[in-house]
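Single-letter residue listing:
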Amino acid sequence: MRSDVITVQTGPRATVRDITAEAQGFVSGQGDGLLHVFVPHATAGLAIIETGSGSDDDLLNALGDLLPADDRWRHRHGSPGHGRDHVLPAFLPPYATLPVLAGRLVLGTWQSLCLVDTNGDNVTRQVRLSFLPG
């Protein structure tokens, strides 16, 4: 298995960051197999969605409705509402496994692999990419 860690800047606001190009670069030329992606953070997750058409903003708005950044959370350190950031990975898991054929990610026409980070207190994220050959 081949594995590497990339660093992703997410910024001080909730964000959906497309990491498809980084993942594709990692598997390029690797043949057939599986790409496993893991975010070793308690306040970030991964989503496979369409980006650039407003879906990324729709996702953040839906998460804001489902997990409001207010004082209802028992986990209270960090900025206001930070407790919701710790609940996020229960809805958007911190892992994804994607098929790779002939060194290319197998995604639908409009699908992208995205890091979703609602925690503005932590602006730098690590993402582990691991390729398991077939």
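Up top is the structure these notes are about.
Draft legend 1. Quick peek at the environment of Pro-99. Mapping Pro-99 onto the fold places it in strand β5 (residues 95-101). Classification of Pro-99 as partly exposed rests on a relative accessible area of 36%. Between the alpha carbons of Pro-99 and Asp-32 there is a distance of 7.8 Å; along the sequence they are 67 residues apart. Discounting residues that sit within four places of it in the chain, Pro-99 has contacts with Gly-33, Leu-34, Arg-104, Leu-105 and Val-106.

Draft legend 2. The arrangement of the sheet that holds strand β3 (residues 33-38) in detail. With respect to topology, 5 strands assemble into an open sheet ordered β1-β8-β3-β5-β6, the strand pairing being antiparallel. Every other strand in the sheet has two partners, leaving β1 (2-9) and β6 (104-105) as the edge strands with one partner each. Pairing of β1 with strand β8 (residues 124-133), which is carried by 8 bridges, proceeds in the antiparallel orientation. Bridged to Gln-9 within β8 is Thr-124. Packing of helix α1 (residues 20-27) onto the sheet brings it into contact with β1, β3, β5, β6 and β8, and relative to β8 it is tilted by some 35 degrees.

Draft legend 3. How the structure looks around the pattern of salt bridges. Under the counting rule described, the total for this entry stands at 4 salt bridges. The salt bridge involving Asp-85 is made with Arg-84; its shortest N-O contact spans 2.9 Å. A single burial state applies to Asp-85 and to Arg-84, both of which are buried.

Thresholds applied
Residues numbered from 1 in each chain as written. Predicted model: local features only at pLDDT ≥ 70, side-chain atom pairs only at ≥ 80, totals over all residues. Heavy atoms only, no water. Helix = DSSP H or I, 4+ residues; strand = E, 2+ residues; numbered from the N terminus. Buried < 20%, exposed > 50% of the residue type's maximum accessible area, 1.4 Å probe, protein only. Contact = heavy atoms within 4.5 Å. Pairing = 2+ DSSP bridges. Axes fitted to C-alpha atoms, helices over the stretch in contact; angles between N-to-C directions. Salt bridge = Lys/Arg side-chain N within 4 Å of Asp/Glu carboxyl O.

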